[in-house]
Amino acid sequence: MPNVSMGIHRNRHCLPYAAKVGGSSQSDDLVLTKPVGSGGATRGPDVLKVQRALNLAPHDKGGPSPKLAETGVADAKTIAAIHAFQRFHFGKSDGRIDVMGRSHAKLSSLQPAKIKRMEMAKNYLAQAMQCMRAAETGILGAGVELMTGGGLMGTRNLNLVDKHFDVRKSANPAAALGHIGAVYAKMLAVFARPGGLWGWQAFEAEPFTNPDFYAFTWWGGFSRSGDYAGWQRLDTIYLSAFYDKATDDNRIQTIVHELAHFVGPTSGDLIYDYAYGQQSAPQMKALSPYQKQHNAESFGNYAFEAQFGRAPL
């Protein structure tokens, strides 16, 4: 299902993601029932919500300075603030916040609890990047061991790669290693993009809270720069409400797992979800070499073990 948004559910399985329409009143989502601004509502509770949301958005993310008067009336300053916010994020503006539109989503993702989530996530994004680097290093070592037989140094790297991907059971082990290494290299390229690790371009807080997901993204979103499906930017990985409750290990592994889908192709050799769990789980061990080499959970598990020397808990 490449043309769909997929997310890691709280049961640790990937499922099609659906946002709560309009936002959730049980969170700090910006919940709207009608468009606000030019051509939309100019007074009433939704206008007040937009004024408050703009004031809560950081100034360096397009929030107004000075703050708006929260009157529930969309005066000239409120309309100007909407224009400025839209130009800051999209390079153009119409002065209106449409329900479940791009401006609504962006503004909702910049509310205090969402800011707090992304600040917290910086540590786990950094650790996920270290895992991917460890995986890349381990695969390079495995390639040398595959060519030389290991010699006096043995085949420690190749053994660990085999544990997760069964490369020596592949028809072409060297090609299998090349495929796996290319996936991790592409993951690391995400962090090299402008706004990557420490910014809001590649990773963003979920705007409309679905409390049952850790994270979600678009299959092959890495190749969809600047594209949208409704409010969702396809070249973005969204961290969702359940990420706040996750264990440290799950937060790290979730990022690598979602990146595997994100950087994978949109057709052909998809990085799929053939099985879930630790590599020692029967359903994971039962996968064929091809399935292991195209399984998002396998990429997450190997990178984690390459860095920390153990399976994620």
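Scroll up to find the structure this text is about.
Residues numbered from 1 in each chain as written. Predicted model: local features only at pLDDT ≥ 70, side-chain atom pairs only at ≥ 80, totals over all residues. Heavy atoms only, no water.

Caption draft 1: Region of the structure containing the overall build of the chain. Helices and strands together make up the secondary structure of the chain, namely ten helices and nine strands. Taken against the 2.2 N^0.38 rule, which gives 20 Å for 313 residues, the C-alpha radius of gyration of the chain at 22 Å falls within 12% of a compact globule. Seen along its three principal axes, the alpha-carbon backbone of the chain occupies a region of about 75 × 35 × 30 Å. When contacts within the chain are restricted to residue pairs at least 6 apart in sequence, long-range pairs at least 24 apart make up 65% of them. Accessible area of the chain: about 13,300 Å², with a carbon and sulfur share of 56%. Both charge centroids of the chain, one from 33 positive and one from 26 negative side chains, sit 3 Å from each other. (Helix = DSSP H or I, 4+ residues; strand = E, 2+ residues; numbered from the N terminus. Rg over C-alpha atoms; globule rule 2.2 N^0.38 Å. Contact = heavy atoms within 4.5 Å. Areas by Shrake-Rupley, 256 points an atom, 1.4 Å probe, with all protein chains shown as cover. Lys, Arg positive; Asp, Glu negative; His and termini not counted. Charge placed at Lys NZ, Arg CZ, Asp CG, Glu CD.)

Caption draft 2: Highlighting the nonpolar core. Judged by nonpolar contacts, the single largest core of 54 residues is most densely connected at Met132, Tyr184, Met187, Phe203, Leu259 and Phe299. It is helix 4 (residues 112-148) that provides the largest number of residues to this core, a total of eleven residues. When sequence neighbours within four positions are dropped, the list of residues in contact with Met132 reads Tyr184, Met187, Leu188, Phe191, Val256, Leu259 and Ala303. (Core = buried A, V, L, I, M, F, W, Y, C linked by side-chain atoms within 4.5 Å. Buried < 20%, exposed > 50% of the residue type's maximum accessible area, 1.4 Å probe, protein only.)

Caption draft 3: Up close: the packing of helix 4 against helix 10 (residues 296-308). It is the contact of helix 4 with helix 10, at a shortest axis distance of 7 Å, that shows an interaxial angle of 90°. Considering the angle they form, helix 4 stands roughly perpendicular to helix 10. Where helix 4 abuts helix 10, its residues Gln127, Gln130, Cys131, Met132, Ala134, Ala135, Gly138 and Ile139 lie against Tyr302, Ala303, Phe304, Ala306, Gln307 and Phe308. (Axes fitted to C-alpha atoms, helices over the stretch in contact; angles between N-to-C directions. Parallel < 35°, antiparallel > 145°, perpendicular 65-115°, else oblique.)

Caption draft 4: Region of the structure containing the sheet that holds strand 1 (residues 5-9). Sheet architecture is open: five strands sit in the order 2-1-6-9-5, paired in mixed fashion. Two strands close off the open sheet at either side, each with one partner strand: strand 2 (14-16) and strand 5 (203-205). In this sheet, adjacent strand axes meet at a mean angle of 30° when their direction is disregarded. Strand direction decides the pairing type here: strand 6 (residues 213-218) and strand 9 (residues 237-239), joined by two bridges, are antiparallel. Bridged to Phe216 within strand 9 is Tyr238. Against the sheet, helix 4 touches strand 5 and strand 9, its axis set at about 145° to strand 5. (Pairing = 2+ DSSP bridges.)

Caption draft 5: Structural view of unusual backbone geometry. For the bond running from Ser65 to Pro66, omega is 0°, close enough to zero to count as cis. Checked against the element boundaries, Pro66 lands in the loop between helix 1 (45-56) and helix 2 (76-90). The phi dihedral of Met100 falls on the positive side, at around 60°, and the residue is not glycine. Mapping Met100 onto the fold places it in the loop between strand 4 (96-97) and helix 3 (102-108). On the accessibility criterion, Met100 (19% relative accessible area) is buried.

Caption draft 6: Geometry of helix 1. Taking 1.5 Å as the rise per residue, helix 1 with twelve residues should run 16 Å; its terminal C-alpha atoms sit 17 Å apart, in good agreement. Inspection of helix 1 places Asp46, Val47, Val50, Gln51, Ala53, Leu54 and Asn55 among the buried residues, and these make up the whole buried set. Against the buried residues of helix 1 lie strand 3 (36-37), helix 2, strand 4 and helix 3. (Expected span 1.5 Å × (residues − 1).)

In short, the description is geometric, and any link to function would need to be established separately.
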